[in-house]
Amino acid sequence: MVYPTEKVMRATAAKLVAAHQEASRTQDWLFFVDELYAEDCIYTCEYAGVMEVVANGIDEIKATHYGRDMQVGWEGWTFPYEDVYVGGDNRLVTHWWNRGPGQRPEGGYYQTPGVSFITLNNQARICRQFDMFDLAHQMRLCDELESAGLLSLQLKEEWVKPMKARLAVALAGD
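Residues numbered from 1 in each chain as written. Predicted model: local features only at pLDDT ≥ 70, side-chain atom pairs only at ≥ 80, totals over all residues. Heavy atoms only, no water.

**Student:** Just to check I follow, could you spell out a negative patch on the surface for this structure?
**Tutor:** On the surface, E39, D40, D59 and E60 cluster together to form a negatively charged patch. When contributions to the negative patch are tallied by element, the ones reaching two or more residues are β1 (37–47) and α3 (58–68). By the element assignment, D40 lies in strand β1. (Patch = residues over 30% accessible without salt bridge, like charges linked within 9 Å, V, L, I, M, F, W, Y side chains within 5 Å. Areas by Shrake-Rupley, 256 points an atom, 1.4 Å probe, with all protein chains shown as cover. Salt bridge = Lys/Arg side-chain N within 4 Å of Asp/Glu carboxyl O. Lys, Arg positive; Asp, Glu negative; His and termini not counted. Charge placed at Lys NZ, Arg CZ, Asp CG, Glu CD. Helix = DSSP H or I, 4+ residues; strand = E, 2+ residues; numbered from the N terminus.)

Here's what the structure looks like:
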């Protein structure tokens, strides 16, 4: 297989970063999928062993992760990138933030770190993406946002409460 050059890989990463910046601003999480993802891409988001979202192909990516999941009260959130690493062959690793709305009283952000492991095909399109972040940290962050009056009621009801319930069941064991 012929892999994209480092320059081409960095250009794809820059497009992804720019697309996420624009999506955070507009709340349109679908406009970039056709351009950046391979038709047969497999996108996986692992939620601490309690839920796994796997989307096979562009249509499922649009219907699940970027469609359904990003339309559940994430208004005001941004997902800025901290670092992008270009690895051997055709791999990217990105470090990004789940950054909640508003700022802390001392001026810092309400945020939790995340990481994506991305594989590009020979056309420099994303053919695999595996996202991970610390879900317990994310739940604590949502509690802080709620205390500050910044957590969307929709996000709390449709994502936070169900996710906390899944975590509680998993931690309680059999």
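That covers the picture; the talk isn't over yet.
**Student:** Could you clarify how one ought to interpret the nonpolar core in this entry?
**Tutor:** Grouped burial of nonpolar side chains is what soluble globular proteins tend to show. Ranked by internal contacts, the top residues of the largest apolar core, which has 45 residues, are F32, Y37, Y66, L135 and W159. Here this core takes six residues from helix α1 (residues 6–26), the largest share from any one element. Every residue in contact with L135, bar those within four places of it in the chain, is listed here: Y47, A48, V50, W159, M163 and L167. (Core = buried A, V, L, I, M, F, W, Y, C linked by side-chain atoms within 4.5 Å. Buried < 20%, exposed > 50% of the residue type's maximum accessible area, 1.4 Å probe, protein only. Contact = heavy atoms within 4.5 Å.)

**Student:** In this structure, what is going on with the environment of F31? I would like to understand it.
**Tutor:** In this structure, F31 sits in the loop between α1 and α2 (33–36). Measuring from C-alpha to C-alpha, the distance between F31 and A19 comes to 8.2 Å, with twelve residues separating the pair along the chain. If sequence neighbours within four positions are ignored, F31 has contacts with A19, E22 and A23.

**Student:** How should I be thinking about the packing of aromatic side chains in this particular structure?
**Tutor:** Two aromatic rings, taken as a pair, are described by how far apart their centres are and by the angle between their planes. For the structure on display, the rule yields 14 aromatic pairs. Relative to W77, the ring of W74 has its centre 4.8 Å away and its plane inclined at 75°; by these criteria the two rings are edge-to-face. Judged by relative accessible area, which is 6%, W74 ranks as buried. The buried category is assigned to W77, whose relative accessible area is 1%. In this structure, R99 packs its charged tip against the face of Y109, placed 3.6 Å from the ring centre. (Phe/Tyr/Trp six-rings, centres within 6.5 Å; stacked < 30°, edge-to-face > 60°. Lys NZ or Arg CZ within 6 Å of the ring centre and 35° of its normal.)

**Student:** Would you mind going over the pattern of salt bridges with me for this structure?
**Tutor:** Pairing is possible between side chains of opposite charge, provided their charged atoms come close. With the rule as written, the count across this model stands at eight salt bridges. A salt bridge links R10 to E6; the nearest nitrogen and oxygen atoms lie 3.0 Å apart. A residue pair is termed a helical-turn pair when its members lie 3 or 4 positions apart in one helix, as R10 and E6 do in helix α1 at four residues.

**Student:** In this structure, what is going on with the sheet that holds strand β5 (residues 109–120)? I would like to understand it.
**Tutor:** Two orientations exist for strands paired in a sheet by backbone hydrogen bonds: parallel and antiparallel. If you trace the six strands from one edge of the open sheet to the other, you get β2-β1-β6-β5-β4-β3, paired in mixed fashion. Each having just a single partner strand, β2 (51–56) and β3 (81–86) make up the two edges of the open sheet. Pairs of neighbouring strands in the sheet enclose a mean axial angle of 15°, with direction left out of account. Looking at chain direction, β5 and strand β6 (residues 126–133) are connected through seven bridges and run antiparallel. For I118, the partnering residue across the bridge sits in β6 and is Q129. Of the strands in this sheet, β1, β2 and β6 touch α3, which is tilted by about 35° from β1. The strands touched by helix α4 (residues 135–147) are β1, β4 (91–103), β5 and β6; relative to β5, the strand with the most contacts, the crossing angle is about 145°. (Pairing = 2+ DSSP bridges. Axes fitted to C-alpha atoms, helices over the stretch in contact; angles between N-to-C directions.)

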